[in-house]
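Single-letter residue listing:
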Amino acid sequence: MSAPHPGPRWLSASLIVITLLVSINLRDLAGWAGVPIPGLPIPFGGAIVDNGLGVLLVLAVAAWLRPGLPLRHALGLGGSGWQGPAIVLLATLPCWLGLWWLGGISAEASLLPLVMLALLFPLAEEIIFRGFGFLFAHRHQGWPWWPAALVQAVIFGAIHWWSFGGGGGMALRVFAMTGIGGVVFAVLCRLDRNTLWSAVVLHVSLNMAWNVMQVNDATAIGWQGNSLRLSAALLAVAGVYLLHRHRTHRAACTTR
């Protein structure tokens, strides 16, 4: 195990928070500073650069704070077994069925938005917020797990709130749901052997459902859509918690 970078703990904690705040906003900050960073000349090119820069930033900061620590281990990208992600995937099935019942399959669904919005961007967000903001802060910087979970969740929600224009109404509901989602994803990471994969599956499956099914914004952010999200989250946490208890019990039996 590598030693942490020397320096006061408040400084490393501040660096983690600042890194999360600027992670996927680097292009905006550079533009405000008069140094614009162009997006790629393809659909979703700007968002690809935003998320890519965010991932590179957290990798660099993690490597600086814990030199010598393998980044795969530091950010929860190791193996956890297939059971946790499989349980989470099953937990999202009622959400898929509910969205299908509310709106059916969208005739406008296409491959590129699905790959970007439902696969690559959720994966990047999990690496940034749960891998770096939660697992790295908790396991390798000594943060108690619940402050680590809450800090990254609030920042995660705030960034989505800002992307919806800030203010009240729908933006506040987006803040609340994404903030709750950030806590749920962190709990799944902790339960599933401190890895990202169960959280990634929940994030990807829910995003995929919202892009495959035809659901209007009022329903998606209203009580029906939020109820489906929360039910999937609760089922996922309950399932992975039971798996965690089973693993703990089995490990205790083998050591007797």
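Cut-off values and rules
Residues numbered from 1 in each chain as written. Predicted model: local features only at pLDDT ≥ 70, side-chain atom pairs only at ≥ 80, totals over all residues. Heavy atoms only, no water. Helix = DSSP H or I, 4+ residues; strand = E, 2+ residues; numbered from the N terminus. Buried < 20%, exposed > 50% of the residue type's maximum accessible area, 1.4 Å probe, protein only. Phe/Tyr/Trp six-rings, centres within 6.5 Å; stacked < 30°, edge-to-face > 60°. Lys NZ or Arg CZ within 6 Å of the ring centre and 35° of its normal. 1 Å grid on protein atoms, 1.4 Å probe; cavity = no way out; pocket = protein on both sides within 12 Å on 5 of 7 lines; lining within 4 Å. Points joined across faces, edges and corners; volume = space filled by probe spheres on them. Nonpolar A, V, L, I, M, F, W, Y, C, P; charged D, E, K, R; others polar. Salt bridge = Lys/Arg side-chain N within 4 Å of Asp/Glu carboxyl O. Axes fitted to C-alpha atoms, helices over the stretch in contact; angles between N-to-C directions. Parallel < 35°, antiparallel > 145°, perpendicular 65-115°, else oblique. Left-handed = near helix turned anticlockwise from the far one by under 90°. Contact = heavy atoms within 4.5 Å.

Asks: How would you summarise the environment of Leu 150 if you had to cite specific residues and measurements?
Replies: Along the chain, the position of Leu 150 falls in helix 8 (residues 145–163). Look at Leu 150 and you get partly exposed, because its relative accessible area is 42%. For Leu 150 and Val 183, which are 33 residues apart along the polypeptide, the C-alpha to C-alpha distance reads 6.4 Å.

Asks: Please provide a residue-by-residue account of the packing of aromatic side chains, values included.
Replies: For the structure shown, the criterion picks out 4 aromatic pairs. Between the aromatic rings of Phe 132 and Phe 136, the centroid separation amounts to 5.4 Å while the plane-to-plane angle is 10°, which identifies the pairing as stacked. Placement of the pair is Phe 132 and Phe 136 together in helix 7 (residues 111–140), with a separation of 4 residues, close to one helical turn. With respect to burial, Phe 132 and Phe 136 carry one shared label: buried. The ring centre of Trp 210 lies 4.1 Å from the NZ or CZ of Arg 229, which sits over that ring.

Asks: With reference to specific residues and values, describe the layout of surface pockets.
Replies: Of the volumes computed, that of the largest pocket is approximately 1300 Å³. Lining the largest pocket are 42 residues, and of these His 160, Phe 164, Thr 178, His 203 and Asn 207 sit closest to its centre. With 9 residues, the single largest contributor to the lining of the largest pocket is helix 9 (residues 170–191). Of the residues that constitute the lining of the largest pocket, the class distribution is 25 nonpolar, 11 polar and 6 charged.

Asks: Can you explain the pattern of salt bridges? Please cite residues and give values.
Replies: Summed over the entire model, instances satisfying the criterion amount to 3 salt bridges. For Arg 27, the salt bridge is made with Asp 50, and the minimal N-O distance between the two is 2.8 Å. With Arg 27 in helix 2 (residues 26–32) and Asp 50 in helix 3 (residues 45–65), this residue pair connects regions lying 23 residues apart in the sequence. Taking relative accessible area as the criterion, Arg 27 reaches 21% and is therefore assigned partly exposed. Looking at Asp 50, the relative accessible area reads 18%, which means it is buried. A salt bridge links Arg 130 to Glu 126, with the nearest nitrogen and oxygen atoms 2.7 Å apart. Of this pair, Arg 130 and Glu 126 both sit in helix 7, 4 residues apart, roughly one helical turn.

Asks: Break down the packing of helix 5 (residues 83–91) against helix 10 (residues 197–212) for me, citing the residues and quoting the values.
Replies: When two helices pack together, you describe them by how their axes are tilted relative to each other and by the distance separating the axes. Where helix 5 meets helix 10, the closest approach of the two axes is 8 Å, and the angle between their N-to-C directions is 25°. As far as their axial angle goes, helix 10 and helix 5 are roughly parallel. Handedness of the helix 5/helix 10 crossing: right-handed. Between helix 5 and helix 10, the contacting residues are Gly 84, Pro 85, Val 88 and Leu 89 on the first element and Trp 197, Ser 198, Val 201, Leu 202 and Ser 205 on the second.

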